[in-house]
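# Reading the structure
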Amino acid sequence: MNAVAVGHSAAGALLTEPRGWEKIRSNLSAAAYRSLITHIPLHWMRQSFLRAAGMRIGKSVAILTGTTIIRPERISIGKGCMIGFDSFLGGEAGITIGENVNISSHCVLLGGIHDPDDPNFGAILKPTVIEDYVWLATRATVVAGVRIGRGAIVATGAVVTKDVPPYAIVAGVPARKIKERSPEACKYELAYQPWFF
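All residue numbers refer to positions counted from 1 along the written sequence of the respective chain. Reporting in this predicted model follows two pLDDT cut-offs: at least 70 for local features of residues, and 80 or more for side-chain atom pairs to be given and counted; totals over whole chains, interfaces and linings ignore these cut-offs and use all residues. Hydrogens and water molecules were not included; the side-chain quantities draw on all heavy atoms of the structure.

### Notes on the overall build of the chain
This is how the line gets drawn: A run of H or I in DSSP counts as a helix once it spans at least four residues, and a run of E counts as a strand once it spans at least two, with each numbered from the N terminus. The quantity called the radius of gyration is restricted to C-alpha atoms. Its globule counterpart is 2.2 Å times the number of residues to the power 0.38. The buried label applies to any residue whose accessible area, calculated with a 1.4 Å probe on protein chains only, is under 20% of its type's maximum; exposed applies above 50%, and partly exposed to all values in between. Residue contacts are defined here by distance: any two heavy atoms, one from each residue, within 4.5 Å place the two residues in contact.
Counting secondary structure elements, the chain contains 2 helices and 19 strands. Computed over its C-alpha atoms, the radius of gyration of the chain comes to 16 Å, within 12% of the 16 Å expected for a compact globule of 197 residues. With respect to the principal axes defined by its C-alpha atoms, the chain has extents near 50 × 40 × 25 Å. Counting across all 197 residues of the chain, residues that qualify as buried make up 48%. Within the chain, residue pairs in contact and separated by at least 24 positions form 33% of the contacts whose partners lie at least 6 positions apart.

Listed below in structure tokens is the structure:
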């Protein structure tokens, strides 16, 4: 993404492409994590690295091996979350993940798109918000700028292109509501941290 990024963070601050030391730190952190750290079979070691890179991670979080993380300093994960194998978190515009969220393996959270009409192929960045008790099933894709409401479920292989209301279950490409989840189901606390993964 060559052009200066546009958009706002989840906190509302205008986002710009990192420059100087911030850009070096961000790019080196993402590259080191992807090529080396993500394969270390110890949660505490991987998460210590990500926290040092600026990522905010709550207690009892599992980020399983093989995950790619872009702009870790713009990503926040609440307590009791699980991110499965080989997922992709594109944090260019910021990703906020609530508590007790299950992001299954091979899921993709996109941080932005390129403007097809811009002669510089500039970036359009919009923050993504995943609220408490959301479950993204295997291979779900969430485009930039989407808010997925509390307790919602995104079915396997679905592509979410617009906001999902609380407790909705969505499926398909693009994802559409197929039924509703009981709010009473959203009382659990996740603490899944398998050894050596």
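### Some words on the confidence of the model for the chain
Applicable threshold: Think of pLDDT as the predictor's per-residue confidence, scored from 0 to 100.
Summarising the model, the chain shows a mean pLDDT of 90, and 91% of its residues fall at 70 or more. Segment residues 1-6: pLDDT under 50, and 20 contacts once partners within four positions in sequence are set aside and those in other chains are kept.

### Quick word on helix 2 (residues 43-52)
Applicable threshold: Regarding the arc, it is the one traced by the directions from the helix axis to the C-beta atoms.
Turning to helix 2, its buried residues are H43, R46, Q47 and L50. Down the axis of helix 2, the smallest arc covering the buried residues is 90°, so these residues share one side. Opposite the packed face of helix 2, turned more than 90 degrees from it, sit the exposed residues W44 and A52. At its buried positions, helix 2 is contacted by helix 1 (20-35), strand 1 (56-57), strand 2 (62-63) and strand 3 (68-70). Once helix 2 finishes, G54 follows within two positions and takes phi at roughly 105°, a positive value.

### Regarding the pairing of strand 19 (residues 176-180)
Which entries qualify depends on this criterion: Any two strands with at least two DSSP-identified bridges between them are counted as paired.
Judged by how many residues are buried, strand 19 sits mostly at the surface: 0 of 5 residues are covered. Here 4 bridges tie strand 18 (residues 168-171) to strand 19, and the two strands are oriented antiparallel to one another. Bridge pairing in strand 19 places V170 opposite K177. In textbook terms, the turn of a hairpin is the stretch between consecutive antiparallel strands, and for strand 18 and strand 19 this stretch comprises 4 residues, one of which, G172, has a positive phi near 100°.

### A look at the side chain of S26
Among the secondary structure elements, S26 is positioned in helix 1. The contact partners of S26, leaving out residues within four places of it in the chain, are R71, P72 and E73.

### With respect to the pattern of salt bridges
Where we set the bar: Should a side-chain nitrogen of Lys or Arg be within 4 Å of a carboxyl oxygen of Asp or Glu, the pair is scored as a salt bridge.
For the structure shown, the criterion picks out 4 salt bridges. R150 is the salt-bridge partner of D132, the closest N and O atoms lying 3.6 Å from each other. Of the two residues, D132 sits in the loop between strand 12 (128-130) and strand 13 (135-136) while R150 sits in the loop between strand 15 (147-148) and strand 16 (153-154), which places them 18 residues apart along the sequence. On the basis of relative accessible area, D132 is assigned to the partly exposed category, the value being 24%. Using a relative accessible area of 30% as the deciding quantity, one classes R150 as partly exposed. Here K177 makes a salt bridge to E180, at a shortest N to O gap of 2.5 Å. On the basis of relative accessible area, E180 is assigned to the partly exposed category, the value being 45%.

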